[in-house]
Amino acid sequence: MATRVKARSELIPYLVFIIYVITSFGGAVWLEVPSTGTKCVSEDIKQNVVVIADFSVVNDDSNPHNTFNIAARVTSPYGNNLYHQENVTHGQFAFTTTEAGNYLACFWIDESHKATTGVSVSLDWRTGIAAKDWESVARKEKLEGVELELRKLEGAIDAIHQNLIYLKSREADMREVSEITNGRVAWYSIMSIGVCIAVSVMQVFHLKRYFRKKKLI
């Protein structure tokens, strides 16, 4: 019995590490926004997924007074505006996806600033299990310690399962499109061969008629 308890206690650090790796779906990235133009980042997200993101302008330590305001816009795969703010240095947006596809977040320096250099923007983009408020879940269901970590692992496994189902459906859609394309290419090839044969036969008859007319055959 003591050996089993010891073995379980030795597995806890590995369990915590696995949970950390699995739940690391989101993360902060730095974007270099040019003085003119737009810098965008996108992610392919399936339907009914919670997305939470925080962004902020990173101040230049060498010139702390040289801070520019930026504008931010987030659009859905069909071009619908989900978030749009201008003349800000930081912000947060959150939404639940209603359609599957690439969600695009774009940043640019506000037009009121005549910038000669670019600016760095920190973007903390979290989706799915990484965007869940586990502290609220722990307080609501009175979970703590290993129970909370097991609940996180359960959520991470469910998220991975849903992602696999989504990838499987996308693969089926792509296979269907590929089969339709291959069928159209095959028919086009058959039609091309038929046209070539018909043109060749017509050329043969035309040449025979020409030669007979000239009494060469």
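Residues numbered from 1 in each chain as written. Predicted model: local features only at pLDDT ≥ 70, side-chain atom pairs only at ≥ 80, totals over all residues. Heavy atoms only, no water.

- The name given to the protein in an unreviewed UniProt entry is GOLD domain-containing protein, with Daucus carota subsp. sativus as the source organism.
- The record in UniProt for the protein states the following under Subcellular location (unreviewed entry): "Membrane".
- What UniProt states about the protein under its Sequence similarities (unreviewed entry) heading is, verbatim, "Belongs to the EMP24/GP25L family." (UniProt positions renumbered as here; feature names shortened; annotations may be inferred.)

1. Digging into a nonpolar patch on the surface
- A cluster of nonpolar side chains, Ile193, Ile197, Val201 and Phe205, forms an exposed patch at the surface whose accessible area comes to about 410 Å².
- Among the structural elements, phenylalanine 205 can be located in helix α3 (residues 146-213).
- The exposed category is assigned to phenylalanine 205, whose relative accessible area is 56%. (Patch = residues over 30% accessible without salt bridge, like charges linked within 9 Å, V, L, I, M, F, W, Y side chains within 5 Å. Areas by Shrake-Rupley, 256 points an atom, 1.4 Å probe, with all protein chains shown as cover. Salt bridge = Lys/Arg side-chain N within 4 Å of Asp/Glu carboxyl O. Helix = DSSP H or I, 4+ residues; strand = E, 2+ residues; numbered from the N terminus. Buried < 20%, exposed > 50% of the residue type's maximum accessible area, 1.4 Å probe, protein only.)

2. So, the pattern of salt bridges
- A full pass over the atoms with the stated rule returns 4 salt bridges.
- Here the salt bridges share partners, and the residues they tie into one network are Asp54, Asp124 and Arg126.

3. Here we look at the packing of aromatic side chains
- Under the counting rule described, the total for this entry stands at 8 aromatic pairs.
- A centroid spacing of 5.8 Å and a plane angle of 70° characterise the contact between phenylalanine 93 and tryptophan 125, whose relative ring orientation is edge-to-face. Here phenylalanine 93 is found in strand β6 (residues 90-96), whereas its partner tryptophan 125 is found in strand β8 (residues 119-127), with 32 residues between them in sequence.
- A relative accessible area of 3% means that phenylalanine 93 is categorised as buried. (Phe/Tyr/Trp six-rings, centres within 6.5 Å; stacked < 30°, edge-to-face > 60°.)

4. Here's the deal with α3
- The end-to-end C-alpha distance of α3 is 99 Å, a good match for the 100 Å that 68 residues give at a rise of 1.5 Å each.
- Those residues of α3 that sit buried are Leu148, Leu153, Gly155, Ala156, Ala159 and Tyr166.
- One or two positions beyond α3, positive phi appears at lysine 215, with a value near 60°. (Expected span 1.5 Å × (residues − 1).)

5. Overview of the layout of surface pockets
- Here the largest pocket defines a volume of roughly 480 Å³.
- In this structure, the largest pocket is lined by 19 residues; those nearest its centre are Lys46, Val49, Gly128, Ala159 and Asn163.
- Elements represented by at least two residues in the lining of the largest pocket include exactly β2 (39-45) and α3.
- Tallying contributions element by element places α3 first for the lining of the largest pocket, with 7 residues.
- Looking at the lining of the largest pocket residue by residue, the classes come out as 8 nonpolar, 6 polar and 5 charged. (1 Å grid on protein atoms, 1.4 Å probe; cavity = no way out; pocket = protein on both sides within 12 Å on 5 of 7 lines; lining within 4 Å. Points joined across faces, edges and corners; volume = space filled by probe spheres on them. Nonpolar A, V, L, I, M, F, W, Y, C, P; charged D, E, K, R; others polar.)

6. With respect to the state of the cysteines
- All told, the structure shown has 1 disulfide when counted by the stated rule.
- The disulfide bridge from cysteine 40 ends at cysteine 106, spanning 2.0 Å between sulfur atoms. Looking down the S-S bond of the cysteine 40 and cysteine 106 bridge, the torsion is 110°, so its handedness is right-handed. Here cysteine 40 is found in strand β2, whereas its partner cysteine 106 is found in strand β7 (residues 101-109), with 66 residues between them in sequence. (Disulfide = S-S within 2.5 Å.)

7. Quick notes on the pairing of strand β3 (residues 50-58)
- In this sheet, β6 lies alongside β3 in antiparallel orientation, the contact comprising 7 bridges. Bridging from a neighbouring strand, isoleucine 52 pairs with alanine 94 of β6.
- The pairing of β3 with β8 spans 8 bridges and is classified as antiparallel. Directly across from aspartate 54, in β8, lies its bridge partner aspartate 124. (Pairing = 2+ DSSP bridges.)

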